[in-house]
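# Residue-level structural notes
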Amino acid sequence: MFANRISKDYVARRDLLRSTFPSAHQFLMDLEERSAPVVWLSTGKNAHVYWEDGFLLQIRYVGIGEANTGIRLSPSHSGKLVEGTEDRCGLLFPEEIHDLIETHGGYLYRWASRVEDGSFEFRHPAPGKFFRDLQARLERVPVRERADRIAATLAEEFAESEGAPSPATDRPAAPSLAAPKAGDADTEDPDAITRRRASARIRALKPSDTNRLLTFEHLVDTYFDWASERDEAAKAPLERRLLAMESLFLCRLPRAEDLRGPASSDRAQVIALAWRCVTLHNSLHSPFLAPPKSGRESMIMELWEDHGLALGTPIEAVRRSCRETFMSALLCLFPGVEETIVAEADVEAAMQDG
């Protein structure tokens, strides 16, 4: 039941994003091909995103085929939901998505905006890291909600069983779960043990409990995050995370400051190129991040129309090329690393061990 239902019309519209909004196109491809099995799509012209039997959101296209194509994440759905599913969009809207946008500076850099109907709209150059974190939330947030529902149901069942009449006394007694102490004439009633365990405080889920899966893209994100951080206090945990991920992905890229003298060997030149790409990527910031909301006759709109396409788009293209070159350098140095997948829980354990 929980399998993708992809229409040709949806594929044609999605592929129009490949050149105008590449990070969103990659997000949609990842949802379809590389998300957890519990996440699936039902599509017509747009896409409904489900987590098992729960509808989470609708993905709509904005200005499809235009230079400034965008996507809109909406809590409402078009037509009927798939039979056997129910609306659970409240798990993400509006708090979860709003917090994620603020974390990545989407409102500040104006690639994200909030629509009056409760939807969120995203335009180029919304970064790939934002969409990867969004995909992680699509996979993880319903896990916490399902755990809470199961816990509530079990607590209700235990409460009902506690007030029910005792079973017949001729039923064989269940063996005690704890060995009796020497000299004790009686052992604790098994029903009392069950009630006592049910009343115990349920531990809250941690992110590591959901076993989020991390790919080669996440490793590259960590390299760029670590290199871009200038605050030493904030850089220390990023460095621990980078070392932990390197140990799990079985690669160790020497740091730029560790390179001494001219890069004479082939590998040394590749390493130096990789870090130069990181430095260039982090130094470039387009002044044209999102279309202004001013009138057509305003000064900023005039500047935008004269220079936005000529300057803003090439800068973002160079940033993407820097990232792609860095990834290619890693693949040259560590063949096969792109096939590795690790769990968030393993990263946290490696950070603690280190």
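Note that the structure is a prediction, hence the values are computed from the model and not measured.

Right, let's talk about the packing of helix H7 (residues 216-228) against helix H8 (residues 232-249) for a bit. One can describe the packing of H7 onto H8 by two numbers: an axis separation of 9 Å at closest approach and a directional angle of 150°. Classified by the angle their axes make, H7 and H8 are roughly antiparallel. Here H7 runs over H8; the crossing is left-handed. Between H7 and H8, the contacting residues are Phe216, His218, Leu219, Thr222, Tyr223, Asp225, Trp226 and Ala227 on the first element and Lys235, Leu238, Glu239, Arg241, Leu242, Met245, Glu246 and Phe249 on the second. Tallied by class, residues from the contact of H7 with H8 come to nine nonpolar, two polar and five charged.

Take the pairing of strand E3 (residues 54-62) next. When you tally the buried positions in E3, you get eight out of nine residues, the bulk of the element. In this structure, the hairpin formed by strand E2 (residues 47-51) and E3 is closed by a connection of two residues, where glutamate 52 is found at a positive phi of approximately 50°. Direction of pairing for E3 relative to strand E4 (residues 70-74): antiparallel, over a ladder of five bridges. Along E4, the bridge assignment pairs arginine 60 with arginine 72.

This part is about the pairing of E4. In terms of burial, E4 is largely enclosed, as four of its five residues are buried. Across four bridges, E4 lies against strand E7 (residues 120-123) in antiparallel orientation. Paired with isoleucine 71 across the two strands is phenylalanine 122, which belongs to E7.

Ranked by internal contacts, the top residues of the largest apolar core, which has 39 residues, are Phe27, Leu57, Ile59, Ile71, Ile97, Phe122 and Phe131. Only helix H3 (22-33), strand E1 (39-43), E2, E3, E4, helix H4 (95-103), E7 and helix H5 (128-163) provide two or more residues apiece to this core. Sort the elements by how many residues they give to this core and H5 lands first, with six residues. Those residues in contact with isoleucine 59 that lie beyond four places of it in its chain are Phe27, Leu28, Leu31, Asn46, Ala47, Val49, Ile71, Arg72 and Leu73. In this structure, Trp226, Ala227, Met245 and Ala329 belong to the second largest nonpolar core, which totals 28 residues.

Another aspect to go through is unusual backbone geometry. Across the junction of phenylalanine 93 and proline 94, the peptide omega takes the value -10°, indicating a cis bond. Within the secondary structure, proline 94 is located in the loop between strand E5 (86-87) and H4. Omega for the bond connecting histidine 124 with proline 125 falls within 30 degrees of zero, at 10°, which places this linkage in the cis form. Here proline 125 lies in the loop between E7 and H5. You will see that glutamate 52, though not glycine, has its phi angle at about 50°, which is positive. Mapped onto the secondary structure, glutamate 52 falls in the loop between E2 and E3. Judged by its relative accessible area of 22%, glutamate 52 is partly exposed.

We now examine the environment of proline 237. For proline 237, the position within the fold is in helix H8. As a C-alpha pair, proline 237 and tryptophan 226 span 11 residues in sequence and 9.1 Å in three-dimensional space.

Once that is clear, we can look at a negative patch on the surface. A cluster of acidic residues, Asp231, Glu232, Glu239, Glu257 and Asp258, forms a negative patch at the surface. Along the polypeptide, glutamate 239 turns up in helix H8. A relative accessible area of 37% means that glutamate 239 is categorised as partly exposed.

As a further point, take the pattern of salt bridges. Inspection of every chain in the model, using the stated rule, returns 21 salt bridges. A salt bridge links aspartate 15 to arginine 18; the shortest N-O distance between them is 3.5 Å. The shortest N-O distance in the salt bridge between lysine 129 and aspartate 225 comes to 3.4 Å. Placement of the pair is lysine 129 in helix H5 and aspartate 225 in helix H7, with a sequence separation of 96 residues. Look at lysine 129 and you get partly exposed, because its relative accessible area is 25%. Ionic contacts of the salt-bridge type, sharing partners, join the residues Arg14, Asp15, Arg18 and Glu32 into one network.

Each α-helix turn comprises 3.6 residues. Residues three or four places apart therefore point the same way. Taken residue by residue, helix H1 (residues 8-15) has Tyr10, Arg13 and Arg14 as its buried positions. The buried residues of H1 occupy an angular sector of 100° when the element is viewed end-on, so they sit on one face. Those residues of H1 that are buried lie in contact with helix H2 (17-20), H3, E1, E2 and E3.

This part takes up a nonpolar patch on the surface. Together, Ile150, Leu154 and Phe158 make up an exposed nonpolar region whose accessible area comes to about 240 Å². Here leucine 154 is to be found in helix H5. On the basis of relative accessibility, which here comes to 40%, the residue leucine 154 falls in the partly exposed class.

Calculation criteria
Residues numbered from 1 in each chain as written. Predicted model: local features only at pLDDT ≥ 70, side-chain atom pairs only at ≥ 80, totals over all residues. Heavy atoms only, no water. Axes fitted to C-alpha atoms, helices over the stretch in contact; angles between N-to-C directions. Helix = DSSP H or I, 4+ residues; strand = E, 2+ residues; numbered from the N terminus. Parallel < 35°, antiparallel > 145°, perpendicular 65-115°, else oblique. Left-handed = near helix turned anticlockwise from the far one by under 90°. Contact = heavy atoms within 4.5 Å. Nonpolar A, V, L, I, M, F, W, Y, C, P; charged D, E, K, R; others polar. Buried < 20%, exposed > 50% of the residue type's maximum accessible area, 1.4 Å probe, protein only. Pairing = 2+ DSSP bridges. Core = buried A, V, L, I, M, F, W, Y, C linked by side-chain atoms within 4.5 Å. Patch = residues over 30% accessible without salt bridge, like charges linked within 9 Å, V, L, I, M, F, W, Y side chains within 5 Å. Areas by Shrake-Rupley, 256 points an atom, 1.4 Å probe, with all protein chains shown as cover. Salt bridge = Lys/Arg side-chain N within 4 Å of Asp/Glu carboxyl O. Lys, Arg positive; Asp, Glu negative; His and termini not counted. Charge placed at Lys NZ, Arg CZ, Asp CG, Glu CD. Arc of directions from axis to C-beta.

Geometric descriptors of this kind do not, in isolation, establish any biological role.
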